[in-house]
Each structure stands twice: as structure tokens, then as C-alpha cells.
Amino acid sequence: MLDETLLDTPEGLAEADHRGLLRGAAEAGARVRTAARNAAEAGIGSLKPDGRPRAVLIAGPGAAATHTADLLGTLAGPGSPVVRLAPTGVAPAAGALRWELPGWAGSVDLLLIATPDGTEPSLSLLAEQAYRRGCSVVGVAPPGTPLADAVAGAHGMFVPMATAPYDQEEPLAASSPGVLWALLTPLLALLDRVGLLDAPPEALEKVADRLDTIAERCGPAIATYSNPAKTLAAELADALPVIWTEGTSAGPAGRRFAAALAELAGRPALVAELPEALAAHSALLAGPLAASADPDDFFRDRVEEPPALHARVVLLRDRPLGGLTAAPAARDVALSHDTPVSELEPEEGGELETLAELIAVTDFAAVYLALASGA
């Protein structure tokens, strides 16, 4: 059950935030600036690449590496494929995970290692394997970790991860907002230098500014009625989120939102891209999860009986779209099944800015839902 009174109690939210999630969301802009500065000091701005790599390989644990690979692959487009190297192992622990380079990886490929830990022995071995194969290696991890030494030994480039003092107080959640931006920002700067995407220093500064703006709009001191993140969290309190995305950049934002809801708030969610989402989820909206599926819900004891779980569509669009759009059809399909719709659409700006806004608002929403439901 969601404690909606907690949403408008900043002191209570701070007391419940044992994992530093709200701080991570509020300081996302500062993380971007620190990470960009670390990237510049590491020498990314002075690189003179010979050309684009044939493929970009990304290795790292958990949702942070998954989301980083998803975002970079979307932004890079078809220029060079971005491939995440999924780990194997018997447990999601640093010493148990194993990574291997694909057989085709070689001197024309680029290996990126991104981890908020840096003690994974297999990632250090992966850097050595990449060096023997002739792959270029770049690592982003906390400074002073074994991975930093391994990347140096592989004649690669190491960028210290932008961290905060409280990161060491509790284990970092892979979906934590601070972790994502600390890992993603240096790699954006790198791939801009390589020519795979457009993320010059001034664009990263605009991303940081947009994240600061969202932190002001969605912070814990802002009341629910004027706070889009708290409003979305309250709307999803007793709902199954059915996340529909439209626009290239909205896809990874929606997938990250679903993962954050699961990891941070313990809530299931479904995600699909429009227009195919309408066919993929039409039976779901007409089935037992539809808002109108339980006619006896009106007579439910509101105190003793928990509410039934019903679908709620969350429509994410990466910018105001003109011309062809499936948004009107999506609203019609949802409302025809009495399914409520929540919509998020960022303000005008560059692709990185609008993507950052969608991620920031949904990150805050996932955090509020986690804190107010006691997850």
C-alpha cells in the first residue's frame, strides 16, 4: 500500500531513504558535470581516433550497464553496433560473474567496461583478453579499484567514476540515478570523440542543466499536485504500469523506468514501443487486468480489502511530435477499455536533453513509489 501522506512529508521521505536514492536523483546534474570533468582530465577530449570502430562492446554488472548499452546503442544508431556482453555465473556477485569476448572481436573493435564496483576479477581478465586481441579498452569505475590497474595494464584509458561520499554508506542500487549518469557521461564524451554520436561538452552541460531543472520541479519539497514525479507515483500506487513509448529516445527511457520500478519499488511493469504496443497489449487491456474487469470492486471494503490490480497506461514521448503519431490511437485504445492514461512529454531541446528529462522524471517517480510503499 502506498502511504500518500508520506509523499508530501519531506522529512519522512528523507528518513525512509536509506539507500540515498533521492539524493542520487537530485544530484544527477552535478554527477554529469563531475563525470564530464573526469573524462576531460583523463584525456578523452584530446583523443585522435583513426576512425569509427567496427563494433562497440560494453561489459559491466546489473541494470547500470544494461541501460548504458541501451542508451548508447540508441543514440549511436547504425554507425557501429553497440553490443552488451551479458555475464554468466551462479550469483550476481562480483566474484561469481564471468564475461567473455565474442570470437569475432579484434583490433577494429572498442571495449567499454562500466561498473560501479570495480572489484570484479572477470572484468579485469576481460581487459587483459581484449589487449591480447588488439581491442581498444576504456574503463569507467571507482578510482583505486583493481579494474583501474587492469585497464592501465591493457594500455587502455581509465576514467574515474564520479562518486559521492554517501555512495559508500550503503550498497549502490544498479538502477540508482546517480550510478547511471556517473557511468554514462564519460562514455557519451568518448563516443562523441570517436564520431558515433553527438555529445560535445556544451551538450553535456545542457543535460546537466535540464537535470537540475527537473530536480527543482520534482524534489521532495514540491507538493504532489504540482510535482509530476509524485503525481505519477500516486497514479501507479495500485496499478500495473503498461509503459508505451513513442520516439527513438523514449524507448530506452521506458525500459529503464520498468527496470527501476522492479528493482527499487518491487513493482512489475510492461513496456513496448508504439505503434506495435497497441497490438501487443490489446488483449491485456481487455482481460482481467482492465480497469472495468471487476464490477464488484465498488462494493469492496476499502479498509480491510486491498484494491485489485488494474492496468494503467504510461505514455512516454521523447519530444513534441508533429505529423505521424500513434498517440491519439493509444489514448483511444486505453480509454475504450476504461484504462486511465498518464502522459510524460519533455520540453523542447536536443535529443540528449529530452532523453535526460524523461529519465529524470521517471527516476524520481520510481524512487517516490519505493519510499512511500516501504520498499
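Residues numbered from 1 in each chain as written. Predicted model: local features only at pLDDT ≥ 70, side-chain atom pairs only at ≥ 80, totals over all residues. Heavy atoms only, no water.

The name an unreviewed UniProt entry assigns to the chain is Bifunctional glucose-6-phosphate/mannose-6-phosphate isomerase, from the organism Streptomyces rubradiris.

### A closer look at the packing of helix H11 (residues 250-265) against helix H15 (residues 351-372)
Convention followed: Convention adopted: a line fitted to C-alpha atoms gives each axis, helices being fitted over their contacting stretch, and angles between N-to-C directions are expressed from 0 to 180 degrees. To qualify as a helix, a DSSP run of H or I must reach at least 4 residues; to qualify as a strand, a run of E must reach at least 2; elements of each kind are numbered from the N terminus. Any angle between 65 and 115 degrees counts as roughly perpendicular, while under 35 counts as roughly parallel, over 145 as roughly antiparallel, and the rest as oblique. Crossing handedness is defined as follows: a turn of the near helix away from the far one that is anticlockwise and smaller than a right angle gives a left-handed crossing, while the clockwise case is right-handed. Any two residues whose heavy atoms approach within 4.5 Å are treated as being in contact. Note that Gly is not counted as nonpolar here; it falls among the polar residues with everything else outside the nonpolar set of Ala, Val, Leu, Ile, Met, Phe, Trp, Tyr, Cys and Pro and the charged set of Asp, Glu, Lys and Arg.
The geometry of H11 relative to H15 is characterised by a closest axis approach of 9 Å and an angle of 15 degrees between their N-to-C directions. In terms of axis orientation, H11 runs roughly parallel to H15. H15 is crossed by H11, and the crossing has right-handed handedness. Within the contact between the two elements, H11 uses Ala250, Ala253, Arg256, Phe257, Ala260, Leu261, Leu264 and Ala265 and H15 uses Leu355, Leu358, Ile359, Thr362, Asp363, Ala365, Ala366, Val367, Leu369 and Ala370. The class makeup of the residues in the contact of H11 with H15 is 15 nonpolar, one polar and two charged.

### Concerning empty space enclosed by the protein
It is a probe the size of a water molecule, rolled over the atoms, that shows where empty space is left. We apply this condition: Think of a 1 Å grid over just the protein atoms. A cavity is a set of points where a 1.4 Å probe fits yet cannot get out, a pocket is an open set with protein on both sides within 12 Å along at least five of seven lines, and lining residues have an atom within 4 Å of a point. Grid points are joined across faces, edges and corners, and a volume is the space filled by probe spheres set on the points.
This model, assessed by the stated rule, comprises two cavities of 30 Å³ or more. Put simply, the largest cavity is a space of about 50 Å³. If you trace the largest cavity, you find it lined by Leu71, Leu75, Trp181, Leu184, Leu188, Val207, Leu352 and Leu355. At the level of secondary structure, the elements contributing two or more residues to the lining of the largest cavity comprise helix H5 (62-76), helix H8 (177-194) and H15. No other element matches the three residues that H8 contributes to the lining of the largest cavity. Its residues placed into classes, the lining of the largest cavity shows eight nonpolar, no polar and no charged. Taken as a whole, the second largest cavity spans an internal volume of roughly 40 Å³. Every residue along the wall of the second largest cavity is listed here: Ala25, Ala28, Pro177, Trp181, Leu211, Ala215, Ala360, Asp363 and Phe364. Mapped by element, the contributors of at least two residues to the lining of the second largest cavity are H8, helix H9 (201-218) and H15.

### Here's the deal with the pattern of salt bridges
Heads up, the condition is: For this document, the term salt bridge refers to a Lys or Arg side-chain nitrogen within 4 Å of an Asp or Glu carboxyl oxygen. Exposed residues in this analysis have more than 50% of their type's maximum accessible area, buried residues have under 20%, and partly exposed residues fall in between, with area computed by a 1.4 Å probe over protein chains only.
Evaluated as defined, the whole model comprises 15 salt bridges. Put simply, Arg54 and Asp109 hold a salt bridge, and the shortest N to O gap is 2.6 Å. In this pair, Arg54 is assigned in the loop between helix H4 (28-42) and strand E1 (56-59) and Asp109 in the loop between strand E2 (82-85) and strand E3 (110-114), connecting sequence segments 55 residues apart. Owing to a relative accessible area of 43%, Arg54 belongs among the partly exposed residues under this scheme. Taking the shortest distance from any N to any O, the salt bridge between Arg312 and Glu235 comes out at 3.6 Å. Of this pair, Arg312 sits in strand E8 (residues 310-317) while Glu235 sits in helix H10 (residues 228-235); the two residues are 77 residues apart in sequence, bridging distant segments of the chain.

### Comments concerning the sheet that holds E3
Note the cut-off: Here, strands pair whenever DSSP counts at least two bridges between them.
Read from one edge of the open sheet, five strands run E2-E1-E3-E4-E5, paired in parallel fashion. The open sheet is flanked by E2 and strand E5 (157-160), the only strands paired with a single partner. In this sheet, neighbouring strand axes are inclined to one another by 20 degrees on average, regardless of whether the strands run parallel or antiparallel. Sheet analysis places E1 next to E2, joined by four bridges and oriented parallel. Residue Val56 lies in a different strand from E2, and its bridge partner there is Val82. Across the sheet, helix H6 (residues 121-133) touches E1, E2, E3 and strand E4 (136-141), and the angle it forms with E3 is around 165 degrees.

### Quick notes on the sheet that holds strand E6 (residues 239-246)
Taken in spatial order, the four strands of this open sheet run E7-E6-E8-E9, and their pairing is parallel. The sheet terminates laterally at strand E7 (270-273) and strand E9 (341-344), the two strands that pair on one side only. On average, each strand axis in the sheet is inclined to that of its neighbour by 20 degrees, with strand direction left out of account. In the sheet, E8 pairs with E9 via four bridges, with the strands oriented parallel. Across the sheet, Val314 pairs through a bridge with Ser342, a residue of E9. Each of E6, E7 and E8 touches H11; the most contacted strand, E6, lies at about 165 degrees to it.

### A word on the nonpolar core
We count it as follows: We define a nonpolar core as any set of buried Ala, Val, Leu, Ile, Met, Phe, Trp, Tyr and Cys residues linked to one another through side-chain atoms lying within 4.5 Å.
In this structure, Leu72, Leu112, Trp181, Leu188, Phe257 and Phe364 are the most contacted members of the largest nonpolar core, which totals 87 residues. Here the element with the most residues in this core is H15; it accounts for 16 residues. When sequence neighbours within four positions are dropped, the list of residues in contact with Leu72 reads Ile58, Val82, Leu112, Leu184, Leu187, Leu188, Leu191 and Leu197. Grouped together as the second largest cluster of nonpolar side chains are 22 residues, Val137, Ala141, Val151 and Ala154 included.

### Considerations on the pairing of E5
Moving residue by residue along a regular strand, the side chains alternate between the two faces of the sheet. Rules: Handedness rule for crossovers: strands pointing away from the viewer, path from the first strand over the helix to the second running clockwise, crossover right-handed.
Sheet analysis places E4 next to E5, joined by four bridges and oriented parallel. Across the sheet, the residue bridging to Val140 is Val159, located in E5. Where the polypeptide runs from E4 across helix H7 (residues 146-153) and back to E5, its parallel neighbour, the crossover connection is right-handed.

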